[in-house]
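Geometric and topological summary
Below, each chain spelled out in residue letters.
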Amino acid sequence: MLARLRKPWPDSRAERMLGAVSCLVAVIVVGMIVFVAVHAWPTFAHNGLSWLGSGESPESSFEKMQATSVHPPASAYHLRAWPLLYGTLLITVAAVAFAFVVSVFASIFIVELAPERLRKVTIPVIRLLASVPSVVYGLLGVLVLVPFVGNHLVTASQKASVANEVELTGAGLLVTVVILTVMIAPIMIALTCEALSAVPSSWREGAIALGLNPLRAILAVTVRAARPAIVAAAVLATARALGEAIMISMVSGSRSFTPNLDHGLLVFLYSPLRTFASAIVDFREGISAPALGSSLYAIALLLLLGAFVLSICGYLIKLPLRRYEVRG
Amino acid sequence: MLRGNAMADPADPIHLGTDRGETPTVEHVHPAGGSATVEHLHAAPGETSSAQLDGSGAGASPSVPPVRTIVLDRAPLPATPPDERRAVRPAAAASGPERLRLEDVSIAYGSKPAVKSVSLSIHQGEVLALIGPSGCGKTTLLRTLNRLTELTPSAARAGTIRLDGEDIHDLPDTSLRSRVAMVFQQPNPFPMSIFDNVAFALREQSRRRPGRRELQPLVIDALRRAGLYEEVKDDLGRPALRLSGGQQQRLCIARAIAPRPEVLLMDEPCSALDPISTNTIEQLIGELRRELAVVVVTHNLAQARRIADKVAFMYLGDLVEYGDTEEVFETPRAARTREYVQGAFG
Amino acid sequence: MSTLVPFDFDEQRVMQTGHGRRSSPLSWRWRDRVALVLAWVAGIGLCLIAAAIVGYFAFRGVQYLRPGLIFSRPQISASQAGSGGFLDPLLGTLILTLVGIMLALPLAVTSAVWMSEYARPRWLARTIESCIEIVAGTPDIVIALFGLAVFQLSFMGPFSFEASGGGVYGRSFLAAGAMMSLIALPPIFAATRDGLQAVPAHMREAAFALGKTRITTIRRVLLPSVRSNMATGVTLGVSRIIGDTAIVVLLLASSLRLEPQGSVPGLGLLRGTGATLTTYVFDNSPAGEGAAPQKAYAAAFLLLLFVLALNLTVERIGRHQERATGLSVATGAV
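Note that this is a predicted model, so its numbers are computed, not measured.

1. Section: the overall build of chain C
- When its secondary structure is counted, chain C shows 13 helices and two strands.
- Evaluated residue by residue, chain C yields a buried proportion of 45% over its 334 residues.
- Counted over contacts in chain C with a minimum sequence separation of 6, partners at least 24 positions apart contribute 66%.

2. Brief notes about the overall build of chain A
- Scanning chain A for helices and strands turns up 15 helices and zero strands.
- If you line up chain A on its principal axes, its C-alpha atoms span 75 × 70 × 35 Å.
- Looking at chain A residue by residue over its 328 residues, the buried ones come to 51%.
- By sequence separation, contacts in chain A at least 24 residues apart represent 81% of the contacts at least 6 residues apart.

3. Some words on the packing of helix α7 (residues 201-209) of chain C against helix α8 (residues 214-225) of chain C
Residue and element names in this part refer to chain C.
- Axis separation between α7 and α8 bottoms out at 11 Å; the angle between their running directions is 155°. Here α7 is positioned roughly antiparallel relative to α8, judged by the angle of their axes. As α7 packs across α8, the resulting crossing turns out to be right-handed. Contacts between α7 and α8 involve Met203, Arg204, Ala207 and Phe208 from the former and Thr217, Val221 and Ser225 from the latter.
- The residue makeup of the contact of α7 with α8, split by class, is four nonpolar, two polar and one charged.

4. Thoughts on the interface of chain B and chain C
- Contact residues are listed per partner, giving 18 residues for chain B and 14 residues for chain C.
- When contributions to the side of chain B that touches chain C are tallied by element, the ones reaching two or more residues are β1 (98-109), β2 (112-123), β4 (155-163) and α4 (173-179) of chain B.
- For the side of chain B that touches chain C, the element with the highest residue contribution is β4(B), accounting for four residues.
- Inspection of the sheet shows β4(B) paired to strand β2 (residues 12-17) of chain C by two bridges, in the antiparallel sense. When the bridges of β2(C) are listed, Arg157(B) appears paired with Gln16(C).

5. Some points on helix α9 (residues 201-209) of chain A
- Every buried residue of α9(A) is listed here: Arg204(A), Gly206(A), Ala207(A), Ile208(A) and Ala209(A).
- Looking one or two residues past α9(A), Gly211(A) carries a phi angle of roughly 100°, positive in sign.

6. Considerations on unusual backbone geometry
- For the bond running from Arg120(C) to Pro121(C), omega is -10°, close enough to zero to count as cis.
- Relative to the elements of secondary structure, Pro121(C) occurs in the loop between α3 (87-118) and α4 (122-137).
- The phi torsion at Ser117(B) lies on the positive side, around 50°, for a residue other than glycine.
- For Ser117(B), the location among the structural elements is in strand β2.
- Judged by the 19 C-beta atoms lying within 10 Å of it, Ser117(B) is partly exposed.

7. A closer look at the interface of chain C and chain A
- In this complex, chain C contributes 66 residues to the contact, which on the side of chain A involves 70 residues.
- Among the elements that line the side of chain C that touches chain A, the one with the most residues is helix α1 (residues 30-64) of chain C, at 13 residues.

8. Some remarks on the nonpolar core
- Core analysis: the biggest nonpolar cluster contains 284 residues, and Ala300(A), Val295(B) and Leu145(C) have the highest contact counts within it.
- Among residues more than four places away in sequence, those in contact with Val295(B) are Ile122(B), Leu128(B), Leu130(B), Leu142(B), Leu145(B), Val263(B), Leu265(B) and Met266(B).

9. Regarding the pairing of β1(B)
All names here are of chain B.
- Where β1 meets β2, eight bridges bridge the pair, whose relative direction is antiparallel. Within β2, the residue paired with Tyr109 across the bridge is Lys112.
- Here β1 hands over to β2 after two residues, with Gly110 in that stretch at a positive phi of 65°.
- Summarising the sheet, β1 and β4 pair through eight bridges and their orientation is antiparallel. For Leu100, the partnering residue across the bridge sits in β4 and is Leu163.

10. A word on the environment of Val149(A)
- With respect to the secondary-structure elements, Val149(A) resides in helix α6 (residues 134-153).
- Between the C-alpha atom of Val149(A) and that of Thr169(A), which follows or precedes it by 20 residues, the distance is 7.9 Å.

11. What to know about the pairing of strand β8 (residues 293-297) of chain B
Residues and elements named next belong to chain B.
- Counting buried positions along β8 gives five out of five residues, so the element sits mostly inside the fold.
- Summarising the sheet, strand β3 (residues 127-131) and β8 pair through four bridges and their orientation is parallel. Across the sheet, Val127 pairs through a bridge with Val294, a residue of β8.
- Following the backbone out of strand β7 (residues 263-267), through helix α9 (residues 275-288) and into the adjacent parallel β8, one traces a crossover that is right-handed.

12. Describing α6(A)
Residue and element names in this part refer to chain A.
- Helix length check: α6, at 20 residues, gives a terminal C-alpha distance of 25 Å against a target of 28 Å (1.5 Å per residue), a shortfall beyond 12%.
- Largest kink in α6: about 35°, centred on Gly141.
- Those residues of α6 not exposed but buried are Ser134, Val135, Val136, Tyr137, Gly138, Leu139, Leu140, Gly141, Val142, Leu143, Val146 and Val149.

13. Focus: the confidence of the model for chain C
All names here are of chain C.
- Confidence in the prediction for chain C averages 81 pLDDT; 83% of positions are at 70 or higher.
- Across residues 329-334, confidence stays below pLDDT 50; counting only partners more than four residues off in sequence or on other chains, it has 22 contacts.
- With a pTM of 0.81, the predicted complex shows an ipTM of 0.87.

14. Overview of the environment of Glu285(A)
All names here are of chain A.
- Mapped onto the elements, Glu285 comes out in the loop between α14 (276-282) and α15 (290-321).
- Glu285 gets classed as exposed once you count the C-beta atoms within 10 Å, which come to 9.
- Between the C-alpha atoms of Glu285 and Gln66, which are 219 residues apart in sequence, the distance is 9.2 Å.

15. Section: the environment of Gly243(C)
- Here Gly243(C) shows up in helix α9 (residues 227-243).
- Remark: the alpha-carbon pair of Gly243(C) and Val307(C), spanning 64 residues in sequence, is separated by 8.1 Å.
- With sequence-adjacent residues up to four places away left out, Gly243(C) is seen in contact with Ser131(A), Pro133(A), Thr278(C) and Val307(C).

16. Re the packing of helix α8 (residues 245-257) of chain B against α9(B)
All names here are of chain B.
- Relative orientation of the contacting elements α8 and α9 amounts to 20°, with a least axis distance of 9 Å. Comparing their axes, α9 and α8 come out roughly parallel. Here the hand of the crossing between α8 and α9 comes out right-handed. Across the interface between the two elements, Gly245, Gly246, Gln249, Arg250, Ile253 and Ile257 of α8 pack against Ser277, Thr280, Ile281, Leu284 and Leu288 of α9.

The rules behind each value
- Each chain has its residues counted from 1, running along the sequence as written.
- Ligands are numbered from 1 and chains lettered from A, in the order in which they are written.
- Per-residue local features of the predicted model are confined to residues with pLDDT of at least 70, and side-chain atom pairs are confined, for both listing and counting, to 80 or more; whole-chain, interface and lining totals are unaffected and use all residues.
- Numbering goes from the N terminus for both helices and strands, where a helix is a DSSP run of H or I of at least four residues and a strand is a run of E of at least two.
- Exposed residues have 12 or fewer other C-beta atoms within 10 Å of their own C-beta, buried residues have 20 or more, and residues in between are partly exposed; the C-beta atoms are placed from the backbone.
- Our contact criterion uses C-beta atoms placed from the backbone: two residues qualify when those atoms are within 7 Å.
- To obtain an axis, a line is fitted to C-alpha atoms, over the contacting stretch when the element is a helix, and the angle between two such axes runs from 0 to 180 degrees between their N-to-C directions.
- Just so you know how the angles are binned, under 35 degrees is roughly parallel, over 145 roughly antiparallel, 65 to 115 roughly perpendicular, and the rest oblique.
- Crossings are sorted by hand: turned counterclockwise from the far helix by less than a right angle, the near helix makes the crossing left-handed, and turned clockwise it makes it right-handed.
- Any residue that is not Ala, Val, Leu, Ile, Met, Phe, Trp, Tyr, Cys, Pro, Asp, Glu, Lys or Arg is counted as polar, Gly included; the first ten are nonpolar and the last four charged.
- When DSSP finds two or more bridges between two strands, those strands count as paired.
- Take the buried Ala, Val, Leu, Ile, Met, Phe, Trp, Tyr and Cys residues, join any whose C-beta atoms are within 7 Å, and the set you get is a nonpolar core.
- With the strands aimed away from the viewer, a crossover counts as right-handed if its path from the first strand over the helix to the second runs clockwise.
- How far a helix is expected to stretch is found by multiplying one less than its residue total by 1.5 Å.
- In this scheme, the bend at a residue equals the angle between the axes fitted to the seven residues that finish there and the seven that begin there.
- What pLDDT conveys is the predictor's confidence in a given residue, as a value from 0 to 100.

Below you can see the structure in the form of structure tokens.
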């Protein structure tokens, strides 16, 4: 039999073997969805859709769950995760919006306006920044930005105004959004620069020959032609922002608070918060308690769903943009 | 007619069975036997097998496939007499005012000269053809006329170019290019609809934002002048990249002439197109020159002869000869010109 | 700017380079001027922030990173001076990377080969491609939770650390390494598949014309020619593994030192647990125990050096490949 294995395989058998191994990936992915869903089911079974509503603070729910035994009563699964949802949406939308604007204009600068020497230095640096681990960004935030905001920007009166609700230590919305923007911008810039450079130069030359100044030519023709790729870059960056756990856990203040404008804009910016992903990291030790474990898996399922919905949105946004492109 | 040409030169090896003493039939692609493949040999009458390609038939010479006639050539066309041929070009409009004047213009890329000391005058109502072998500087000269050479950092220039009396280097480049338009060798319509392509320059060049209703008559007029309107009028919102090559080039012409420029520069506009589209665009050039000065770079001497009123022959950067088409082609003064137009090099 | 250009017959002309009069931004439309300002601000701001980040970490790293730290083992100690270095976390990173790549490489290359050479039936190819995209887009904590769920199954006992109190703990280098392989899978797959698709058709046709079967062609002709692409993919995968914290935080019990499980030397290490550079940084920052920010800076700087080295490797591979074959390597995104 070994001899049969050692002879060169016929193509049909080789194809089947290769295909079988490739199917392993599909099996893993399906397994992932199934495992997460199965573990998440108890939480949804008990809470239903009001799981996303507001009510008891998630912290106290989690603490109660950690104290339960191996077979908890059904009421132990009670959870109202609205503050987590609010925090997630807030920082994701803010960071992606800022990063998108900065990235598009920075890419235009790099591709068109920057002097040659600057461009040669900037592009490798952008790629380096895009691959820096998130824990390093978190370290920067927690050792530099948080003390700076906490000691120099937050005033005593601001701290006093919300003292009964939260403590303003500087770790909060502002620092989180700033660092998250800096984290996801390099990916978008790298992809957008590639997209802008890939647009055929004949279009740009044609626009200039029609009497447009170079910046207008880039905006009206090159950026417009690269729109599908820019949308893809934005979707990628959003996915990364949604799934970011470690860095946010380090700098967000880790309190399930819903920042609001009751005490003014600055307090809103300094308020701590917590997101879905950082909640998983924060409560990971209690995962052996079934109620808590199930809640965390429920969060994971929601994140999976979010990533899936994102890629569908990206596909749908790109569809009308591709209408005028070359076919075949 | 093909047969007549083949017989005219007995030294021509591409010869149809004459060494076998037979008359090849060239009009008919269906020999006895019914096979219509081109490789089918004309062997002795009655022989139908196409397996004789290796010439193993008795006394067969090296096998040569018969010439196919194409549909267009089936009915013999009367040859256009030379004087009629010239009449295909619309009657030369009277030469209008001078638009561009080049005074001792030289261009170099780095330390390599590309154009040496050229002086020319370009008038409205005329088509000027720049001819010459590859690398003679005609495209560089064309691109200098609307300062596109500035996109290359190493380009250096000397001499003056005046548009309506003003030095073009004193004009803002955007205003210059709105008065001197260009059409490129490869059609490059933008990835937008036909309407947006033609309206592109109109939208960008006006200070405020013109609405679609304002632009529509201008767009339709430009498409008419470019000879494209009839073919696309049913849907101007169609993506421009779906058009055929010739239509795309006419769209580029419409886009260039929509803002009513004074000069139209064309860089080998038909070299990427099929003969029918080429013919359409050549007719178009003849009509456009009434309101514009047209400068065409072409490496196709026959095309230059068909469309141009004035011809400038360049060789390795020098302007060797400049004059009326008939003079340059029939009675050139420089020996180099005579050699080129007679096809001695190219 | 003028230059002197030699012309024929020893004649020289003074020629000018540079632009003629350009339309000044003051005459542009309002929105173009705003766009110009924004582009400059964004560009210069980006350069400044990038310089600040790189500069700050270089400064702190040089300040705190000592060779002694790399080679000494961490110890439990109240003070920074006595708490040792990070040899164990460094080894932990190494082990994890090896396990992850060893598991990911065969799977990724096989899938890439199948996808670019066979890919029949069509629905299966599209499904597998979508699945790999799903893996690429999944957040790493979700993958970590999945790993936890899998390795806490009772029959997975032999693969993980034994905790007190029974029950399958589900945490070990094997568990973390298996999930890391999922992280590294998409870059290797994408790079290999792009490389295979870029191989010109005539190479395959030449091999077929010599009578080789498809599988032999793949093994002997195609795979060797995409070695650079595979190297690029592996480097990108290693870069992602080294930087990933969430999986390690969940799937390694974050003991400071390497703690093997059981007596078998190699397997014991894999079944055991420990720390990696990333968890070391996390634990030493104020977010963890917070005792040693200087050690955290040093470890973070070391991480940055690794990432920089990997990026430079990717670029060098790309340039080498272009020079050798004329085919360019898609260096891909992160």
